[in-house]
Amino acid sequence: MEVLIQPDVDRAALLVARIIAAEIRASPKTVLGLATGATMERVYRQLVRMHREEKLDFSRCTTFNLDEYVGLAHDDPNSYHAYMRLHLFSQVNLNPSRTHLPDGAARDHLEEGWRYEKLIREAGGIDLQLLGIGQTGHIGFNEPLSALRSRTREKALTPTTIKQNAANFGGEDKVPRRAITMGVGTIMDSRRCVLLATGAGKADIIAKAVEGPITSMITASALQWHPRCTVVVDEEAAAKLQGQDYYRWIFANEPEWEAYR
Ligand code: F6R
């Protein structure tokens, strides 16, 4: 795992977008794993800008989103299907037949998990998985005690996560209680992971996930085990990391990051 500290939220999102863009340019048929949530909106804004101004071409990419709320139809404005249409799919040249999200309206959730896993396998696996982190340390909706080898399945959301997402739904009581999410094992199978966390509210959980023990109580900590995981944070989210000086040194000195400085 490597941690890259950026001066502010915009620079952090820009760096993540540039990492994704470089991957697409190097390999136009890239299979992207995508995330939703407030943090990702800035990343998608940058990708849309790059598509418009720098001709970033998504036409041969395939995408798989991490999760979807159980019970929400594709056209529900609070669904992650709607989020993705709004922030990315309608604004770049992705082929709609190659964009995928779990079907929250599926009748059989177990079956839906298997179907999704099969689709990912048939696409050749995920090349780059974009991740956020929730207050509970979740990646996707892998809440505490999710098995570190879990696959796409239905998961109950914690009260903390329900509270975190209440504003979008106009109240806690309206937030769905369950989601279909890629498992920690599914995420760990991707060839590269890039996690973005910004703001003071993420400082505690980032310190635990990155520098604490690997535990299913904080599923993001499993990423310490991933062979190629980059964690991008702004100064505020980095505030409680013990290794800050080392992380800053890496970004400032490693040749891999020269083009991004
Ligand atoms: C959603 C997802 C979640 C979010 C996380 C952070 O697809 O994967 O893990 O990334 O809950 O959400 P925000 O960015 O709203 O703080």
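Note that this is a predicted model, so its numbers are computed, not measured.

Enquirer: Describe the sheet that holds strand 3 (residues 62-65), and please don't skip the residues or the numbers.
Expert: Pairing in this open sheet of seven strands is parallel, and the strands run 1-10-9-6-2-3-5 from one edge to the other. With one partner strand each, in any of the chains shown, strand 1 (2-6) and strand 5 (99-100) form the two edges of the open sheet. Sheet contacts for helix 4 (residues 109-122): strand 3 and strand 5; angle to strand 3, the most-contacted strand, approximately 150°. Docked against the sheet, helix 8 (residues 203-211) engages strand 1, strand 9 (192-197) and strand 10 (229-234), running at close to 155° with respect to strand 10.

Enquirer: Can you lay out the environment of Trp-225 for me, pointing to particular residues and giving the numbers?
Expert: You can see Trp-225 is positioned in the loop between helix 8 and strand 10. Between the alpha carbons of Trp-225 and Ile-214 there is a distance of 8.2 Å; along the sequence they are eleven residues apart. Other than its neighbours up to four places away in sequence, Trp-225 contacts Met-188 and Ile-214.

Enquirer: Which residues make up the packing of aromatic side chains, and what values go with them?
Expert: On inspection of all chains with the given rule, the structure shows ten aromatic pairs. Of the aromatic side chains, those joined through ring pairs into one cluster are Tyr-44, Tyr-69, Tyr-80, Tyr-83, Phe-141 and Phe-169.

Enquirer: Give me the site of the ligand: which residues, what numbers.
Expert: Thr-36, Thr-39, Asp-67, His-138 and Lys-202 are the nearest of the 14 residues found near the ligand. Thr-36 places a polar side-chain atom, nitrogen or oxygen, 2.7 Å from an oxygen atom of the ligand. Interatomic distance of 3.1 Å between a side-chain N/O atom of Gln-164 and an oxygen atom of the ligand. Considered on its own, the ligand offers 410 Å² of accessible surface; in the complex 93% of this is hidden by protein.

Enquirer: Let's hear about the pattern of salt bridges: which residues, and what values?
Expert: Across all of its chains, the model carries 13 salt bridges by this definition. The shortest N-O distance in the salt bridge between Arg-191 and Asp-127 comes to 2.8 Å. Taken together, the residues span a long stretch of sequence, with Arg-191 in the loop between helix 7 (184-188) and strand 9 and Asp-127 in the loop between helix 4 and strand 6 (128-131) at a distance of 64 residues. Note that Arg-151 is salt-bridged to Asp-189, the shortest N-O span being 2.9 Å.

Enquirer: Explain the packing of helix 1 (residues 9-26) against helix 2 (residues 38-54) to me, and be specific about the residues and the numbers.
Expert: Describing two packed helices takes the angle between their axes plus the distance from one axis to the other. Across the interface, helix 1 lies against helix 2 with an axial gap of 8 Å and an inter-helix angle of 50°. As the angle between them shows, helix 1 and helix 2 are arranged oblique. When you trace helix 1 past helix 2, the crossing you get is right-handed. Contacts between helix 1 and helix 2 involve Val-9, Asp-10, Ala-13, Leu-14, Val-16, Ala-17, Arg-18, Ile-20, Ala-21 and Arg-25 on the former and, on the latter, Arg-42, Val-43, Gln-46, Leu-47, Arg-49, Met-50 and Glu-54. Each residue belonging to the contact of helix 1 with helix 2 can be placed in one class, and the counts come to ten nonpolar, one polar and six charged.

Enquirer: Mind laying out the state of the cysteines, listing which residues take part and the relevant values?
Expert: Applying the stated rule across the entire model yields zero disulfides. Lacking any disulfide linkage, Cys-61 is separated from the closest cysteine sulfur, that of Cys-193, by 17 Å. By relative accessible area, which is 0% here, Cys-61 ends up buried. No disulfide involves Cys-193; its nearest neighbouring cysteine sulfur is the one of Cys-229, lying 5.3 Å away. Using a relative accessible area of 0% as the deciding quantity, one classes Cys-193 as buried.

Enquirer: Describe the sheet that holds strand 8 (residues 178-181), naming the residues involved and giving the relevant values.
Expert: The antiparallel open sheet is built from three strands, whose spatial order is 4-8-7. Each edge of the sheet is formed by a strand with only one pairing partner; in this case those strands are strand 4 (67-69) and strand 7 (153-156). Each strand of the sheet is rotated relative to its neighbour by a mean of 30°, with strand direction disregarded. Pairing geometry for strand 7 and strand 8, over four bridges, is antiparallel. When the sheet's bridge partners are listed, Ala-156 is paired in strand 8 with Arg-178.

Enquirer: Outline unusual backbone geometry, listing residues and values.
Expert: Despite not being glycine, Lys-55 has its phi angle at roughly 60°, a positive value. By the secondary structure assignment, Lys-55 is in the loop between helix 2 and strand 3. Positive phi values are uncommon outside glycine, yet Leu-145 reaches one of about 75°. Assessed through its relative accessible area of 60%, Leu-145 is described here as exposed.

What counts as what
Residue numbers run consecutively from 1 along every chain, following the written order of its sequence. Local features in this predicted model are restricted to residues whose pLDDT is 70 or higher, and side-chain atom pairs enter the listing and the counts only when it is 80 or higher, whereas totals over whole chains, interfaces and linings include all residues. Note that water and hydrogens are dropped before the side-chain values are worked out from all heavy atoms of the structure. Note: two strands are recorded as paired if DSSP finds a minimum of 2 bridges between them. Strands are runs of DSSP state E lasting at least two residues, helices are runs of H or I lasting at least four, and both sets are numbered from the N terminus onward. By the convention used here, residues are in contact when the closest approach between their heavy atoms is within 4.5 Å. Convention adopted: a line fitted to C-alpha atoms gives each axis, helices being fitted over their contacting stretch, and angles between N-to-C directions are expressed from 0 to 180 degrees. A pair of aromatic rings is counted whenever rings of Phe, Tyr or Trp (Trp by its six-membered ring) have centres within 6.5 Å, and the orientation is called stacked for planes under 30 degrees apart, edge-to-face for over 60 and tilted otherwise. Near residues are defined by distance, with any heavy atom within 4 Å of the molecule or strand qualifying the residue. By the criterion applied in these results, polar contacts are pairs of N or O atoms within 3.5 Å in which, for protein atoms, one can donate a hydrogen and the other can accept it, and in which residues neighboring in sequence qualify only through two side-chain atoms. To measure how exposed things are, a 1.4 Å probe is used in the Shrake-Rupley method; for residues, cover is taken only from the protein chains shown. Salt-bridge detection follows one rule: a side-chain nitrogen of Lys or Arg within 4 Å of a carboxyl oxygen of Asp or Glu. Throughout this description, any angle smaller than 35 degrees is read as roughly parallel, any larger than 145 degrees as roughly antiparallel, any in the 65 to 115 degree range as roughly perpendicular, and the remainder as oblique. Note on convention: the crossing is left-handed when the near helix lies turned anticlockwise from the far helix by less than a right angle, right-handed when the turn is clockwise. Asp, Glu, Lys and Arg are counted as charged, while Ala, Val, Leu, Ile, Met, Phe, Trp, Tyr, Cys and Pro are counted as nonpolar; the rest, among them Gly, fall into the polar class. Working definition: a disulfide is two cysteine sulfur atoms within 2.5 Å of each other. Exposure classes here rest on a 1.4 Å probe applied to the protein chains alone. A residue is buried below 20% of its type maximum, exposed above 50%, and partly exposed in between.

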